[in-house]
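# Tertiary structure, described
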Amino acid sequence: MTNFWRSLSAIAVLCALAACASKPSIPYDSGQSSNIKTIGLLSPGGPSGPRAILATTVGQSFGLVGALIDAGMQESRESDLRDVFRGQNFAADEIVLTEMKSSLEARGYKVINVPVTRTGQALKKDYMGLSGADAYLDMTYYYGYISAGIAGATPYRPFFYSDVRLVKASDSAVLMEDSIFYNPMNAPKGRVVIAPSPDYAFPKFDDVTSNPEKVTQGMRVAIRDSADAIGKLLK
């Protein structure tokens, strides 16, 4: 049953998309926040590893037995994807921090890294005790490769879903909050949606595992484009 419950994490990722889309976004008011010069970039809340999601499978038609079969196949795919990234020295948290720092600096902010401890994979509830910046950027994310179905017409492409929140250092007032979706299965309304690059599409999962450099580069592009979109929210 371990694999079965682990497979629910993929469903949780897709449900998180809908849940995030239901929350109202808070746009950044650059005029009211003109004194924000230094942003503290909190350690991002990422998952333990990438997800390899096949959104529609044959097993979904066969109840619990089908779900268990799907779970085993998903576990195998995710293990293979972890091996691909590990072989390419891909460290998601480090890349997210690097790309976010670059994106914010490109918008004129001074950026400092602020290590924090998290409970679960959610935005923090308390920002007290932090120091050294005018505001703090909190961020959680999911990442990996996703396919809409089992046919070759629905290839695996990289996805990166993130929640972001900017809070004022002095009183933790929320200055900006939004969600960014790189390659969502269903584009949520009122959120930042980024179409995936056509250069990183793999007809079958075997094509993912046999192209480690290209697959990893596709994931880097997804993170880079997402970080750039977050930076644009703070202009």
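All figures in this text were calculated on a predicted structure; none of them were measured in a lab. (Residues numbered from 1 in each chain as written. Predicted model: local features only at pLDDT ≥ 70, side-chain atom pairs only at ≥ 80, totals over all residues. Heavy atoms only, no water.)

## Some words on unusual backbone geometry
Phi is positive for N89, which is not a glycine, with a value near 55°. The exposure class of N89 is exposed, given its relative accessible area of 67%. Within the chain, S172 stands out as a residue other than glycine whose phi angle is a positive 65°. Note that S172 resides in the loop between strand 5 (157–168) and strand 6 (174–182). Among the residues examined, S172 registers a relative accessible area of 22% and is labelled partly exposed. (Buried < 20%, exposed > 50% of the residue type's maximum accessible area, 1.4 Å probe, protein only. Helix = DSSP H or I, 4+ residues; strand = E, 2+ residues; numbered from the N terminus.)

## Considering the pattern of salt bridges
This structure, assessed with the given rule, holds 11 salt bridges. Of the charged contacts, one joins K101 and E105 as a salt bridge, the two residues approaching to 2.6 Å between their closest N and O atoms. With K101 and E105 both in helix 3 (residues 92–106), this residue pair falls 4 residues apart, about one helical turn. Classification of K101 by relative accessible area gives partly exposed; the value is 30%. A relative accessible area of 37% places E105 in the partly exposed class. Across the pair D207 and K204 runs a salt bridge whose closest N-O atoms are separated by 3.6 Å. Exposure remark for K204: the relative accessible area of 49% places this residue in the partly exposed category. Connected through salt bridges with shared partners, the residues R107, D228 and K232 form a single ionic network. (Salt bridge = Lys/Arg side-chain N within 4 Å of Asp/Glu carboxyl O.)

## Description of the packing of aromatic side chains
Enumeration according to the criterion identifies 9 aromatic pairs in this entry. Ring geometry for F85 and Y143: centres 6.2 Å apart, planes at 25°, overall stacked. You can see F85 sitting in helix 2 (residues 63–87) and its partner Y143 sitting in strand 4 (residues 135–147), a full 58 residues away along the chain. Residue classification places F85 among the buried residues on the basis of a relative accessible area of 3%. With relative accessibility at 6%, the residue Y143 sits in the buried group. Here the aromatic cluster, defined as three or more aromatic residues joined through ring pairs, consists of F85, F90, Y141, Y143 and F160. (Phe/Tyr/Trp six-rings, centres within 6.5 Å; stacked < 30°, edge-to-face > 60°.)

## Quick look at the nonpolar core
The nonpolar side chains of a soluble globular protein tend to be buried, and buried together. Ranked by internal contacts, the top residues of the largest apolar core, which has 46 residues, are F85, M100, L104, L137, F160, L166 and M219. Among the elements that make up this core, the one with the highest residue count is helix 5 (residues 212–233) (8 residues). Dropping the residues within four chain positions of it, L104 is found in contact with I39, L41, Y109, V111, L137, G231 and L234. Of all hydrophobic cores here, the second largest spans 8 residues; its members include L42, L123, Y127 and V167. (Core = buried A, V, L, I, M, F, W, Y, C linked by side-chain atoms within 4.5 Å. Contact = heavy atoms within 4.5 Å.)

## A word on helix 5
Between the first and last C-alpha of helix 5 there are 32 Å, a value that for 22 residues agrees with the 32 Å anticipated at 1.5 Å per step. Of all the residues in helix 5, the buried ones are V215, T216, G218, M219, V221, A222, I223, S226, A227, A229, I230 and G231. (Expected span 1.5 Å × (residues − 1).)

## Side note on the packing of helix 3 against helix 5
Their axes nearest at 8 Å, the elements helix 3 and helix 5 cross at an angle of 40°. Helix-helix and strand crossings are classified by hand; for helix 3 and helix 5 the assignment is right-handed. Every residue of helix 5 that contacts helix 3 at I95, V96, E99, M100, S103 and L104 is listed here: R220, I223, R224, A227, D228, I230 and G231. For the contact of helix 3 with helix 5, the per-class residue count stands at 7 nonpolar, 2 polar and 4 charged. (Axes fitted to C-alpha atoms, helices over the stretch in contact; angles between N-to-C directions. Left-handed = near helix turned anticlockwise from the far one by under 90°. Nonpolar A, V, L, I, M, F, W, Y, C, P; charged D, E, K, R; others polar.)

## Considerations on helix 3
Here helix 3 spans 21 Å end to end across 15 residues, near enough to the 21 Å set by a 1.5 Å rise per residue. The complete set of buried residues in helix 3 reads A92, I95, V96, M100, S103 and L104. Down the axis, helix 3 shows its buried residues gathered within 155° of arc, on one side only. Summarising the geometry of helix 3, the exposed residues directed more than 90 degrees from the buried face are E94 and T98. (Arc of directions from axis to C-beta.)

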